[in-house]
Amino acid sequence: MNQKDIVRFLVTTVGSFIQDQLISKERRAQHKEQCAERLAAEDGSCEKDTEVRYSDQAVLANLDWGIDALEEAINTSNMETKFARLDHAEKMLQVCAMLNSDQRTAGVPNFYLSAWAHLNLSYLWKLRENAHNSVLHVLEMFIIDPFFSRIDFAPELWKALFLPHMNSIVGWYSEARHRIVMEVIPDSNDLSFTADFDQFFNESLIFSMRPDQAEKMQKLEQLYGESLDENTQLYAKYFMDCLNFDSNTSKRAIPMLPIAEPPMTPMHEVSRSIPDFVKFGPILPRSAGFSSILKGKDNAREASRLNITSMSSQNLEESVMWDLQDEMNEENEYNSDFEPDDAYMDSEDKTYQALCHSSMQLNIHKEMGPKVQPSKIRCQISSSTSLSSIGSPKTSPKISSPELDSQYHKGPKSILRLVSSNFRDSTVSNSLPMSPTLCNDSSISSADSDEVIELPTSCRKNYEHNQSTSQQNLNRQVSENSSLDESDEGSQSCISLPISDKLTPRSRAPKDFVCPITGQIFSDPVTLETGQTYERKAIEEWLKRGNATCPITRQPLSASTLPKTNYVLKRLITTWKEKYPDLAQEFSYPTTPRNSLNPLSPEETILASSPSCKLPDPTKSDYYTDQKCKRFMQTIVTTSPTSVISQAATEAVIIGIKPHVSCLCNSDDLQECEAAVLAIAKIWKDSTADPGIHSYLSEPTIVNGLVEILSASMNREVLRISVHILSALIFSHESVGEILTSVDSDFDCMASLLKKGLAEAAVLIYQLRPTFTQLSACNFIPSLVQLILNKNDNSDNLPLVMEPKDAAIALLEQILMGGDESTRSLNATSVISANGVPTLIKCLDKVEGRLAIISILLCCIHADKSCKNQIANRIDLSSVLELFHTGDDCVRGICTKFLSELVLLNRRTFCNQILKIIKDEGAFSTMHTFLVYLQVAPMEQQPAIASLLLQLDLLVEPRKMSIYREEAIEALVEALQRKDFPHSQIMALDALLSLCGHLTTSGESYTEAWLLKMAGYNQPYHALMKSEKLIVHENELTDTMEEEAKAVTSWQKRVVFVLCNHEKGSIFKALEECLRSNSLEIAKSCLVVATWLTYMLYNLPDMGVRDVALKSFLEPFINVLQSSNNLEEKILATLALNCFLNDPGAVEELGVYAKCMYKALRKLKKNSVVVSDMLKTLIKLPSVDPTELWCCDEVAELDSCSNGGILCLLPLKSWVLSAHSDGTIKVWDAGKRGLRLIQQVREHTKAVTCLYASSSSDKLYSGSLDKTIRVWTVKPEEIHCVQVHDVKEAVNQLTANANYACFSSQGTGVNVYSWSGVLRHINFNKYVKCLDMAGNKLYCGCTGYNIQEIDLRHSSSNTFYSGARKFLGKQTIYSLRIHDGFLYAGGSSVDGIAGKVFSLSTRALTGSFLTGLDIKHMAVNSDFIFTGSKSGITIEVWLKETVTKVAAIKVGGQAKIASLASDTDGEMLLAGLLDGKIQAWALD
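Residues numbered from 1 in each chain as written. Predicted model: local features only at pLDDT ≥ 70, side-chain atom pairs only at ≥ 80, totals over all residues. Heavy atoms only, no water.

Enquirer: How would you sum up the overall build of the protein? Please name residues and give values.
Expert: The helix and strand tally for the protein stands at 54 helices and 33 strands. Nonlocal contacts in the protein, meaning residues at least 24 apart in sequence, comprise 64% of its contacts between residues at least 6 apart. For the protein, the accessible surface area stands at approximately 65,700 Å², while carbon and sulfur atoms represent 50% of it. (Helix = DSSP H or I, 4+ residues; strand = E, 2+ residues; numbered from the N terminus. Contact = heavy atoms within 4.5 Å. Areas by Shrake-Rupley, 256 points an atom, 1.4 Å probe, with all protein chains shown as cover.)

Here it is as structure tokens:
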């Protein structure tokens, strides 16, 4: 490619990437979340005691403010605000973009911050429509930080720009890795070089790798990454040179294309398919911060492992496996948030991860050197991200030395405001009830013993391989060991620490300073008569519970009151606190303590468990499971740190439970096990659900026993209590949930219980966080709806963590939000068929679950629009409005969608009632809240909010000024103007169509069908109304329909009034741009809206904006009329143009387009009644020359001379019938390009002189010289003679109706023949040359230039017209035609006039044929009059509207014209000649 092609490629590729980022707000928020997570991880892992400088804080704040300002600019619709926010964002982001890449800011490398800033600056310049600067900033990002640019910032863009140039590097890496792996695989000599060695390379081979092999693999990975980064910078600089090169002004040579050189020349390049193991970014979880890449840059490889105990070599191997499993889990969690391309981040490549971990472990061993011999190593726990100080939801409670804890607590607090929500949520997930003893001992227990703790073995499948679960088992063992009498100090060890890590006074509080009950430093110590010292509040609590003994010695207490404070001890404690303030604060007794393991209060639980602010995303089926796992959770009854039951009391409860637990786990008697469950529940309830007991009951064997009870028991009470216990245990210990989800049969058991009607099972299923696939496979919808419908059963006194109804609603929401669109629709239909809609509406009274219910109802509306009326009739909108007023932007977005759907009703009066409720309900101003939200709402929500706000404002007569109305219309106009965001334009057009007021029962707009009906094209409207009548209730009265029609008309006028008057018709200009859109959907919707506005605008008094509409719409409407292939679009444009034609001020502009409009409109005459009026108006325009409107082409000349001359031609439907002199009648198919003979009959014996068709075209009449009149039936494929009437005289001219047949013969007067056989002769002493009939009136053209009118009912005649006779007997009327209420007569030319036009109603003369040629034959259609001269070789063409001659047609040959005919639609002209030929012309 040359330099220009490269620049074009860069602009297109980068522009497409940035456009995708700007369109999706969710993607931008997710990207910011991911980058912030890495910043937070680096900030949290900082162990320095120094404070962060203010200048560093300012730099990070500028980055945060710049990103926020950029987001505001993207979302705002006000252009002035947008430019202001862009300027502010540029100033803020430039601060970070210009940072020195070699330094750090607040512990974060500057190259990361600078690259991030350049990425956002590229967004900024894209919004300013400066593609050049946008691309420059993207390339600068790749130059400054290629590593994180390709794994964090823009991986897809890196693949598009740089990956095609890296084939040689990828090829080298594939070969090198292949060689290393071949060394590891046994018997690799038997394998070919092209073998798929990954099938032989598994995790078991990792541990057989030699240290040198692992080190070689590690170096290869490092060198590979460095090569990718170096060449990325190389090509980015080359692209930048190409972008800045100007051949006209630059004196430099054209930049040369660089070559990506690998460290070694590969045998081949990867050109087509890239192997699965090839990665373009290392496995670097965001929670790892920047440590790995920074160490790689500094060539320092320091181990970050924390040795807290030792273990055997076998346990070391298990530790490695656990580390591997944990990192895989963490990577899966990382991938669930962001789904990169498989080419550079493949979570399935476990081999790569295992190799990395293996090499890291080997490096650790080497670094430990002689200090720690391998035989001395007993336990080694990795300080990876899964055990970092910040933690994650999957991390078990950390066991570490107090020294490490103190360092953590002393560390600087995060000054970053860009903190990931994943880290914020981790405190909630870890705040679970747990024994205070565990909390205390896990941090300050003695390390005198060298015993090695053996982890308990679980009976669940694969349970022993889960690190977090095993860690919790370890904690549980710690709790059990530490619950023994503290007087035997050192006899029991919780966990063994290395000698170097023993606790010292520097790292822990003296034992005598700590209360044995609370585990905290004394605040008010009191010494009892037994010699034991306790915290006053704690011992008071002990005595209030009815205990009369010392908690430790168990000796009875004789004193009824507590002694005074032990001031000596208190002074000692005060001195120690002054010496060690950090430890004093850590172990102090707070007034309102908040331990990280204590449960939240009910109010805090609701806040902490509120749903995420993301809108439902159908593409993520586990979204609702991950984000709302504890939304409805209530606090379990537990003991707070200020009111703790002593260890002795906990031990007593556990001792009481143990026999029942043993029975539950070991007995084969179901009844005994059921009794054990009841006993455990009773003891647990009496103990107020102590956290220590929670830990004891969370053992896998006990959990398994409870699950077996669920699968075997038939006792409903036992089942409910078992579910209660399991639910509480899951809430306290996530490991219990992991146990239950490790075996599929456990979930199936709970699903079966729910289907059998056990409501509590819904809570347990919800707590297990099932996937959408699991839920959909169980067909839960009928059971969940039934559960919501049933009344609450409060017979059980054990509290659940949440109401079963709330759990059912949450599960139902997850089911309806998961899967693809068809699956969601099917599930929503199941909810509707189960009568779930009324049930869910009743549940809106409760605050909990309102958002879920609204989301479910919204899904039901989308699946079945007919349920919308049911919801609107039953729902109490105050609940929805309360949720809208109190919710965040995400909640308001869902509520807006719901309310927008709810007001799309087919009954305008009912819709107005709903709008009034929305406007007036609640303590807050709904309109003001909508207005505020409109100003900050995302782009995709603004049209719906604006439509709602405008409808609320229109409930009253439009006032002169309304801020709500102005802001709403402005938002709609701005949405229409967003060319780069077609989805926003479509939403705005849909909102405008919904405002029109013409809605079906499903809420769809039928404005287009209504407009077509106004134009006379009724088929779409009638078809729609026919289907709607099947839905409308039968007893709906006509009065109601009339009331609805009036309401719709009034509503339309209000809407059009405010839309057109806004800023002098600015909406017309916005719609004009949409009409020119390349999107067919946008153009069609805009055409409907523009036509509706135009039509309504001219049905209202002139508001002074018609000229704006004309200027904006005239040209687009003309283009649609001329170029569109869609009939309905043409008719819509015709209706709008007709409105312009009625405007005197638009006549001059329309004259320019008259000719092209006329030709296009003639083709629409049969489809729209408006067209005829438009054609008449166009003809009368002074700027129109009628001769320019005529055009014809000869399409056929047929020779039928074998049947004699053609005496009569008659168009009939799509046929043309010809009557011949030998008595033959021929039927021709009149196609667009000619005539095709389809039937030939000869019933008459002599010449057929005339043909006439009934008004309904179902009968044909023929007259002949054989003195008969025949009646024919017209069938779809042929004509068939059914009657023959002998009239005794030759028939020269014929006309007929259902009662009579009128014909002329050789004599004077006319004959009237009744179909019953009666013949009457009406004589007025004139010879009749032509006939035509209108109703019961017969008109006869006679000799003497006379027209006689005969009343067939009374058989009377009178003179309709009598001309002056200059030459007696020479003037004759030869032809008569009646068309559209006018009588056209042609005959002898007298004084240059050969014919006249009369109005039948007034008998007034309306026009004359100014020609010197006698008119012998005549044909009339909707546009033109055709006259054949007596000479028989010329056809004159007259404009029907003005009787103006526009053209003349010469007939080929010497034969005379015997008959003229034209079809009703005016598309063809036919001439029958005496020599048997037929000539046809196509009229344009």
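Enquirer: Describe in detail the sheet that holds strand β22 (residues 1356-1362), supporting the description with residues and values.
Expert: Overall, antiparallel pairing links the seven strands, which are arranged β16-β17-β18-β19-β20-β21-β22 in an open sheet. Strands with a single pairing partner mark the edges of an open sheet, and in this sheet they are β16 (1293-1296) and β22. Here the strands of the sheet are splayed against their neighbours by 40° on average, with no regard to which way each runs. Of the pairings in the sheet, the one linking strand β19 (residues 1319-1334) to strand β20 (residues 1337-1342) comprises six bridges and is antiparallel in character. Following the sheet pairing, Leu1331 is matched in β20 by Cys1340. (Pairing = 2+ DSSP bridges. Axes fitted to C-alpha atoms, helices over the stretch in contact; angles between N-to-C directions.)

Enquirer: Explain the side chain of Glu221 to me, and be specific about the residues and the numbers.
Expert: Along the chain, Glu221 turns up in helix α10 (residues 211-244). The buried charged residue Glu221 lacks any salt bridge partner; its closest oppositely charged side chain belongs to Arg177, at an N-O distance of 4.6 Å. Within the structure, the side chain of Glu221 is placed 3.0 Å from the side chain of Tyr173, a separation counted as a polar contact. (Buried < 20%, exposed > 50% of the residue type's maximum accessible area, 1.4 Å probe, protein only. Lys, Arg positive; Asp, Glu negative; His and termini not counted. Salt bridge = Lys/Arg side-chain N within 4 Å of Asp/Glu carboxyl O. Polar contact = N/O pair within 3.5 Å; in protein donor to acceptor, adjacent residues only side chain to side chain.)

Enquirer: Residue-level account of unusual backbone geometry, with values.
Expert: One non-glycine residue, Lys1213, lies in positive phi territory at about 55°. Checked against the element boundaries, Lys1213 lands in the loop between β8 (1206-1212) and β9 (1215-1220). Assessed through its relative accessible area of 63%, Lys1213 is described here as exposed. The phi torsion at Lys1288 lies on the positive side, around 75°, for a residue other than glycine. Tracing the backbone shows Lys1288 in the loop between β15 (1279-1286) and β16.

Enquirer: Before we move on, could you go through the environment of Pro1211 and cite the residues and values that matter?
Expert: Tracing the chain through its elements places Pro1211 in strand β8. Judged by its relative accessible area of 25%, Pro1211 falls in the partly exposed class. Counting along the chain gives 19 residues from Pro1211 to Ala1230, while the straight-line C-alpha distance between them is 8.8 Å. When sequence neighbours within four positions are dropped, the list of residues in contact with Pro1211 reads Val1216, Ala1461, Ser1462 and Asp1463.

Enquirer: Any details on helix α6 (residues 131-144)? Residues and values, ideally.
Expert: For α6, spanning 14 residues, the distance from its first C-alpha to its last is 20 Å, which sits close to the expected 20 Å at 1.5 Å a residue. Among the 14 residues that make up α6, 10 are buried, leaving the element largely enclosed by the rest of the structure. Within α6, the full set of buried residues consists of Ser134, Val135, Leu136, His137, Val138, Leu139, Met141, Phe142, Ile143 and Ile144. Looking at the buried residues of α6, the elements they touch are α1 (3-23), α4 (79-97), α5 (110-127), α7 (146-153), α8 (155-161) and α10. Between a side-chain oxygen at the N-terminus of α6 and the backbone nitrogen of His132 the separation is 3.3 Å; the capping residue is Asn130. (Expected span 1.5 Å × (residues − 1).)

Enquirer: Lay out the confidence of the model for the protein in plain terms, naming residues and giving numbers.
Expert: Summary statistics for the protein give a mean pLDDT of 75 and a share of 73% for residues scoring 70 or more. When the criterion is pLDDT under 50, residues 44-50 qualifies, and its contacts beyond four places in sequence or with other chains add up to seven contacts. Scored below 50 in pLDDT, residues 1032-1037 shows two contacts in the model against residues more than four places distant or in partner chains. (pLDDT = per-residue confidence, 0-100.)

Enquirer: Please give an account of the packing of helix α42 (residues 942-953) against helix α43 (residues 963-976) that cites residues and values.
Expert: Between α42 and α43, the least distance of the axes is 8 Å, while the angle of their chain directions is 150°. For the crossing formed where α42 meets α43, the hand is left-handed. For the pair α42 and α43, contact is made by Pro943, Ala946, Leu949, Leu950 and Asp953 and by Tyr964, Arg965, Ala968, Ile969, Ala971, Leu972 and Ala975, respectively. Residues that form the contact of α42 with α43 fall into these classes: 10 nonpolar, no polar and two charged. (Left-handed = near helix turned anticlockwise from the far one by under 90°. Nonpolar A, V, L, I, M, F, W, Y, C, P; charged D, E, K, R; others polar.)

Enquirer: Any chance you could break down the pairing of strand β26 (residues 1405-1410) for me, citing the residues and the numbers?
Expert: Pairing analysis gives five bridges linking strand β25 (residues 1393-1399) to β26, with the strands arranged antiparallel. Each bridged residue has a counterpart across the sheet, and for Ile1393 the counterpart in β26 is Leu1410. Linking β25 back to β26 in an antiparallel pair, the connection comprises five residues, with Arg1403 at a positive phi of about 60°.

Enquirer: Residues and numbers for the pattern of salt bridges, please.
Expert: Applying the stated criterion across every chain, the model contains 31 salt bridges. The partner of Arg128 in a salt bridge is Asp87, with the nearest N and O atoms 2.7 Å apart. With Arg128 in the loop between α5 and α6 and Asp87 in helix α4, this pair connects stretches of sequence that are 41 residues apart. Three or more residues joined by partner-sharing salt bridges are found here, namely Lys32, Asp64 and Asp68.

Enquirer: Please set out the packing of aromatic side chains residue by residue, giving values where relevant.
Expert: Across all of its chains, the model carries 28 aromatic pairs by this definition. Seen from their ring centres, Phe162 and Phe239 are 5.8 Å apart, and the 45° between their planes marks the pair as tilted. With Phe162 in the loop between α8 and α9 (167-184) and Phe239 in helix α10, the pair connects residues that are 77 residues apart, well separated along the chain. The same class applies to Phe162 and to Phe239, which are both buried. Taken together, the aromatic side chains of Phe111, Tyr112, Trp116, Phe147, Phe148 and Phe153 make up a single cluster linked through ring pairs. Looking at Arg908, its charged tip hangs above the ring of Trp1051, at a distance of 3.8 Å from the centre. Directly above the ring of Tyr1021 sits Lys1013, whose terminal nitrogen or CZ lies 5.2 Å from the centroid. (Phe/Tyr/Trp six-rings, centres within 6.5 Å; stacked < 30°, edge-to-face > 60°. Lys NZ or Arg CZ within 6 Å of the ring centre and 35° of its normal.)

Enquirer: If you had to explain a positive patch on the surface to someone new, which residues and values would you point to?
Expert: Together, Lys1329, Lys1370, Lys1416, Lys1430 and Lys1456 make up a region of like positive charge exposed at the surface. Mapped onto the secondary structure, Lys1456 falls in the loop between β30 (1444-1450) and β31 (1457-1462). (Patch = residues over 30% accessible without salt bridge, like charges linked within 9 Å, V, L, I, M, F, W, Y side chains within 5 Å. Charge placed at Lys NZ, Arg CZ, Asp CG, Glu CD.)

Enquirer: Give me the sheet that holds β30: which residues, what numbers.
Expert: The strand order across the open sheet built from four strands is β27-β28-β29-β30, with neighbouring strands paired in antiparallel fashion. Both outer strands of the open sheet, β27 (1415-1420) and β30, are each paired with one neighbouring strand and no more. For this sheet the average axis-to-axis angle between neighbouring strands, irrespective of direction, equals 25°. As paired strands, strand β29 (residues 1434-1439) and β30 are joined by six bridges and run antiparallel to one another. Bridge pairing links Ile1435 to Ile1449 in β30.

Enquirer: Let's hear about the packing of α42 against helix α44 (residues 982-995): which residues, and what values?
Expert: Packing of α42 against α44 leaves a shortest axis separation of 9 Å and a crossing angle of 20°. When the axes of α42 and α44 are compared, the pair comes out roughly parallel. Crossing angle aside, the handedness with which α42 passes α44 is right-handed. Facing α42, whose interface residues are Pro943, Ser947, Leu950 and Gln951, α44 presents Ser984, Met987, Ala988, Ala991, Ser994 and Leu995. In the contact of α42 with α44, the residues fall into six nonpolar, four polar and no charged. (Parallel < 35°, antiparallel > 145°, perpendicular 65-115°, else oblique.)

Enquirer: So what about the pairing of strand β14 (residues 1268-1274)? Which residues, and what values?
Expert: Side chains on a regular strand alternate between the two faces of the sheet. Among the seven residues of β14, six are classified as buried, and the element is accordingly described as predominantly covered. Relative to β14, strand β13 (residues 1259-1264) runs antiparallel, the two sharing five bridges. Within β14, the residue paired with Leu1260 across the bridge is Trp1272. Examined bridge by bridge, β14 and β15 share seven bridges and lie antiparallel to one another. Note that in β15 the partner of Trp1272 across the bridge is Cys1281. In sequence, β14 turns back onto β15 through a hairpin of four residues.

Enquirer: For the environment of Met927, give the residues involved together with the corresponding values.
Expert: Within the secondary structure, Met927 sits in helix α41 (residues 926-936). Judged by relative accessible area, which is 8%, Met927 ranks as buried. Note: C-alpha distance between Met927 and Leu950 (23 residues apart in sequence) is 9.3 Å. For Met927, the residues in contact, after removing those within four places along its chain, are Lys919, Leu949, Leu952, Asp953 and Tyr964.

Enquirer: Break down the environment of Glu535 for me, with residues and values.
Expert: With respect to the secondary-structure elements, Glu535 resides in strand β6 (residues 533-535). Separated by 15 residues in sequence, Glu535 and Gln520 have C-alpha atoms that sit 8.7 Å apart. Contacts of Glu535, omitting those with residues within four sequence positions, involve Cys515, Ile521, Phe522, Ser523 and Asp524. Here the side chain of Glu535 touches Asp524 through a polar contact of 3.0 Å, landing on its backbone nitrogen.

Enquirer: So what about the state of the cysteines? Which residues, and what values?
Expert: What the rule picks out here adds up to zero disulfides. The closest cysteine sulfur to the non-disulfide-bonded Cys867 is located on Cys860, 5.7 Å from its own sulfur. Taking relative accessible area as the criterion, Cys867 reaches 3% and is therefore assigned buried. (Disulfide = S-S within 2.5 Å.)

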